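Structural features, examined
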Amino acid sequence: MTTGPSNPGDHRVRAAEDPAPAGEDLAALLTRLLEEAGGKSQKDLADASGVKHPTLNHWIKRTRGTSRISPESLRAIGSVFRGWGVEVTPRELFEAAGRPIPGEADEERERRLLDIYRQLPTKAQRALIQSAEAMLAAARVSH
């Protein structure tokens, strides 16, 4: 589980599109963004993003790790903040959560992959899932 910065000694220069201070974890990022949202609460963020308030509260208090946060939840949180006029990028959220940054969704690629999956025999479907899980685990480690 990730509860803090993935590498606190890492002082790499961050891309201009990612204004998060080096080492800022998800709790610090969400706290800062809520302050920038002026008057918005954790409950407001939870309600608007579809994340349960107790879960969001645990992330902010660092009593629950962030390694299993779904990409959809991180995207939803980002969308809410941007809707409130607070600047945040998906890269910023995913890095703060210690998660690999997923590629952009492409409906055609997703449709093609699903079509291929459906044509495979059961054993090959299981192998494809295992391969995809291994690729995701490797992406998390290299992150």
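Residues numbered from 1 in each chain as written. Predicted model: local features only at pLDDT ≥ 70, side-chain atom pairs only at ≥ 80, totals over all residues. Heavy atoms only, no water.

Some points on the overall build of the protein
The helix and strand tally for the protein stands at seven helices and zero strands. When its helices and strands are written in sequence order, the protein yields α-α-α-α-α-α-α. For the protein, the residues scored as buried account for 30% of the 143 residues in total. If you take every contact in the protein between residues at least 6 apart in sequence, the share linking residues at least 24 apart comes to 60%. Per element, the accessible surface of the protein, about 9300 Å² overall, is 52% carbon and sulfur. (Helix = DSSP H or I, 4+ residues; strand = E, 2+ residues; numbered from the N terminus. Buried < 20%, exposed > 50% of the residue type's maximum accessible area, 1.4 Å probe, protein only. Contact = heavy atoms within 4.5 Å. Areas by Shrake-Rupley, 256 points an atom, 1.4 Å probe, with all protein chains shown as cover.)

As for the pattern of salt bridges
Under the definition given, this model contains eight salt bridges. When the shortest N-O distance is used, the salt bridge between Arg91 and Glu95 registers 3.4 Å. Residue Arg91 and its partner Glu95 are located together in helix 5 (residues 90-96), separated by four residues, close to a single helical turn. (Salt bridge = Lys/Arg side-chain N within 4 Å of Asp/Glu carboxyl O.)

Considerations on the packing of helix 1 (residues 26-36) against helix 4 (residues 71-83)
Where helix 1 meets helix 4, the closest approach of the two axes is 11 Å, and the angle between their N-to-C directions is 20°. In terms of their interaxial angle, helix 1 and helix 4 are classed as roughly parallel. You can see that helix 1 and helix 4 cross each other, and the crossing is left-handed. Here Leu26, Leu30, Leu33 and Leu34 of helix 1 lie close against helix 4, whose contacting residues are Leu74, Ile77 and Phe81. Grouping the amino acids of the contact of helix 1 with helix 4 by side-chain chemistry returns seven nonpolar, no polar and no charged. (Axes fitted to C-alpha atoms, helices over the stretch in contact; angles between N-to-C directions. Parallel < 35°, antiparallel > 145°, perpendicular 65-115°, else oblique. Left-handed = near helix turned anticlockwise from the far one by under 90°. Nonpolar A, V, L, I, M, F, W, Y, C, P; charged D, E, K, R; others polar.)

Some points on the nonpolar core
Core analysis: the biggest nonpolar cluster contains 23 residues, and Leu26, Leu30, Leu45, Leu56, Ile77, Phe81 and Leu93 have the highest contact counts within it. Looking at this core element by element, the count peaks at five residues for helix 1. If sequence neighbours within four positions are ignored, Leu45 has contacts with Leu30, Leu34, Leu56, Ile77, Val80, Phe81 and Trp84. (Core = buried A, V, L, I, M, F, W, Y, C linked by side-chain atoms within 4.5 Å.)

Keep in mind these values describe shape, not function.
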